[in-house]
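One-letter residues, chain by chain:
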Amino acid sequence: MERVHLGNSDVEVSALCYGTDLIGSRINESDSFALLDAFYDRGGTFIDTGNFYASWYPGCVGGESESTIGRWMAARGNRDRIAISTKLAFDYPGCNGGLSAAEIERECEKSLRRLQTDHLDVYYAHRDDFDTSLEETMEAFHRLINAGKVRIIGASNLWLWRIAEANMLAELRGWSTYSVVEQRYTYLRPRHGADFGPQICFTDDMKRFTAHHGMTLIAYSILLQGAYTRDHKPVPAQFAGPEADDRLAALAQVASETGATMNQVIIAWMRQSSPAVLPIIAGSKTEQVVENIAALDVTLTVDQMLMLDTAGNPNVKKAWLR
């Protein structure tokens, strides 16, 4: 699998990331190992998790995903070939959440123990904390990097202006800045005023900002949990409408032209976009993981990219519909 560098750092990862929010919880350990093996055996080296995964699932308290990944890496002896990203800031049993220095240091140690490693390749602020100063947060992250416990830091579910302020402050202090931004993103565009709770979507301004500053864009919830391909799974209300219908029609046409699945076209579209977006894939079955990875073999033409980009825009002539 192709390798890419995150931001301007020396952290090298696979072109796709594997998301593990339900690894070790809804997905049992044996099946979790099989899914991780399927990703790794096909060249995948970038695995994304979080400290509170999956505290929302019945019978879980958080840390299940990290602990399962830690046991898998120990069993396979492959930690030195894996790039691990994890996150903090949400509360879960035994953790109040937030981005105070004490919380960052404490949760980092817990994640390291669960993952059975001495460092995190990427450590994310998983949501904002307006009760803690940016100075305290960014200095605490910088100390972890200086201590060798974290390689680079990232921002997830933070507003653009907060990322910009945090990085400006860090640059002025000589501290480490956010190298990557992980947000919610998919092919369908959210309707005006769509509410995703604490999750924040990529915007055009954020894409321009990150491209200008050499930051990597990483996207989660890219396939809307099967809404593009499963008849029983409706398009979420935050996206539904005439624009979504036009974009789904374009997506179906490109899938037909390429012989790829709609999910594969979405992954290819993200990777070929400017700026490029690194997709987080998931899947509760091995065949889903394999299908997603096969998207790396899909190359879209300039015309197909234009069709996908402009679909649903009333100011663009829909010549592709003829």
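Remember, predicted model here, so these are calculated numbers, not experimental data.

Further remarks concern the side chain of Asn-263. Its place among the elements puts Asn-263 in helix 8 (residues 262-272). Using a relative accessible area of 8% as the deciding quantity, one classes Asn-263 as buried. Not counting residues up to four positions away in its chain, the partners in contact with Asn-263 are Leu-223, Tyr-228, Thr-229, Glu-291 and Asn-292.

Before going further, it helps to spend a moment on the packing of aromatic side chains. One pass over the full model with this rule turns up 13 aromatic pairs. Measuring from centroid to centroid gives 5.9 Å for Tyr-40 and Trp-72, while their planes differ by 85°, and the two rings are edge-to-face. Of the two residues, Tyr-40 is situated in helix 1 (residues 29-41) and Trp-72 in helix 2 (residues 64-76); the sequence distance between them amounts to 32 residues. Judged by centre distance (5.8 Å) and plane angle (80°), the rings of Tyr-53 and Trp-56 are edge-to-face. Put simply, the rings of Phe-52, Tyr-53, Trp-56 and Phe-90 pair up and form one aromatic cluster. Against the face of Tyr-187 rests Arg-247, its NZ or CZ located 4.1 Å from the ring centre.

Across the six residues of strand 6 (residues 120-125), six count as buried, placing the element largely inside the fold. Bridge count for strand 5 (residues 83-88) against strand 6 is four bridges, and the pairing is parallel. If you follow Lys-87 over to strand 6, its bridge partner there is Tyr-124. Read as a crossover between parallel neighbours, the route from strand 5 over helix 3 (residues 101-115) to strand 6 is right-handed. The sheet contact formed by strand 6 and strand 7 (residues 150-156) spans five bridges and is parallel. Bridged to Leu-120 within strand 7 is Val-150.

What counts and how
Residues numbered from 1 in each chain as written. Predicted model: local features only at pLDDT ≥ 70, side-chain atom pairs only at ≥ 80, totals over all residues. Heavy atoms only, no water. Helix = DSSP H or I, 4+ residues; strand = E, 2+ residues; numbered from the N terminus. Buried < 20%, exposed > 50% of the residue type's maximum accessible area, 1.4 Å probe, protein only. Contact = heavy atoms within 4.5 Å. Phe/Tyr/Trp six-rings, centres within 6.5 Å; stacked < 30°, edge-to-face > 60°. Lys NZ or Arg CZ within 6 Å of the ring centre and 35° of its normal. Pairing = 2+ DSSP bridges. Right-handed = clockwise from strand over helix to strand, strands pointing away.

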